[in-house]
Amino acid sequence: QVQLVESGGGLVQPGGSLRLSCAASGSFFGIYLMGWYRQAPGKERELVAIITTDGSTRYADSVKGRFTISRDNAKNTVYLQMVSLKPEDTAVYYCYADALTVVAGRRNDWGQGTQVTVSS
């Protein structure tokens, strides 16, 4: 299993910025994909952004141009820089990893989530 620990959430005013971090630990050979999903109250969990080992990225249309995902493979850490935040970005943000683990083979794991609230 891969343990994912998120940090960086909080309360920010519209137009503000936040940076989320997620560090992976555990027994694994490598992590293929890392990324972020979010879930707002009463809505389904949705993709925000993902990044591969070689740096290829994919973003939700709603965050393109405002959010930037990056990754430090040496630290097994993924980041999400969020700027020009909007109230509709308010959600719990979950870190995601698709990894090849030592015991269980390839599997997906999730962090516990970090709250992002955009409000004046």
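Our subject is the structure listed above.
Overview of the structure.

1. Some words on the sheet that holds strand E3 (residues 18-26)
- Ordered by their spatial adjacency, four strands build an open sheet running E1-E3-E8-E7, and the pairing between neighbours is antiparallel. Each edge of the open sheet carries a strand with a single partner, namely strand E1 (2-7) and strand E7 (67-72). Neighbour-to-neighbour, the strand axes of the sheet open up by a mean angle of 15°, direction not taken into account.
- Bridge count for E1 against E3 is six bridges, and the pairing is antiparallel.

2. Examining the side chain of serine 21
- For serine 21, the position within the fold is in strand E3.
- You can call serine 21 buried: its relative accessible area is 19%.
- Serine 21 has contacts with Val5, Glu6, Ser7, Trp36, Val78 and Tyr79, leaving out every residue within four places of it along the chain.

3. Notes on the state of the cysteines
- Throughout the structure, instances matching the rule amount to one disulfide.
- The residue that forms a disulfide with cysteine 22 is cysteine 95, at a sulfur-sulfur distance of 2.0 Å. Sign of the S-S torsion, about -85° for the bond between cysteine 22 and cysteine 95, identifies this disulfide as left-handed. Taken together, the residues span a long stretch of sequence, with cysteine 22 in strand E3 and cysteine 95 in strand E9 (residues 91-101) at a distance of 73 residues.

4. Side note on the side chain of threonine 77
- The residue threonine 77 is located in strand E8 (residues 77-82) in this model.
- Look at threonine 77 and you get buried, because its relative accessible area is 8%.
- Within the local environment of threonine 77, its side chain forms a polar contact with the backbone oxygen of lysine 75, the two atoms lying 2.9 Å apart.
- Those residues in contact with threonine 77, other than ones at most four positions away along the chain, are Cys22, Ala23, Met34, Ser70, Arg71 and Asp72.

Rules of the game
- Residues numbered from 1 in each chain as written.
- Predicted model: local features only at pLDDT ≥ 70, side-chain atom pairs only at ≥ 80, totals over all residues.
- Heavy atoms only, no water.
- Pairing = 2+ DSSP bridges.
- Helix = DSSP H or I, 4+ residues; strand = E, 2+ residues; numbered from the N terminus.
- Axes fitted to C-alpha atoms, helices over the stretch in contact; angles between N-to-C directions.
- Buried < 20%, exposed > 50% of the residue type's maximum accessible area, 1.4 Å probe, protein only.
- Contact = heavy atoms within 4.5 Å.
- Disulfide = S-S within 2.5 Å.
- Polar contact = N/O pair within 3.5 Å; in protein donor to acceptor, adjacent residues only side chain to side chain.

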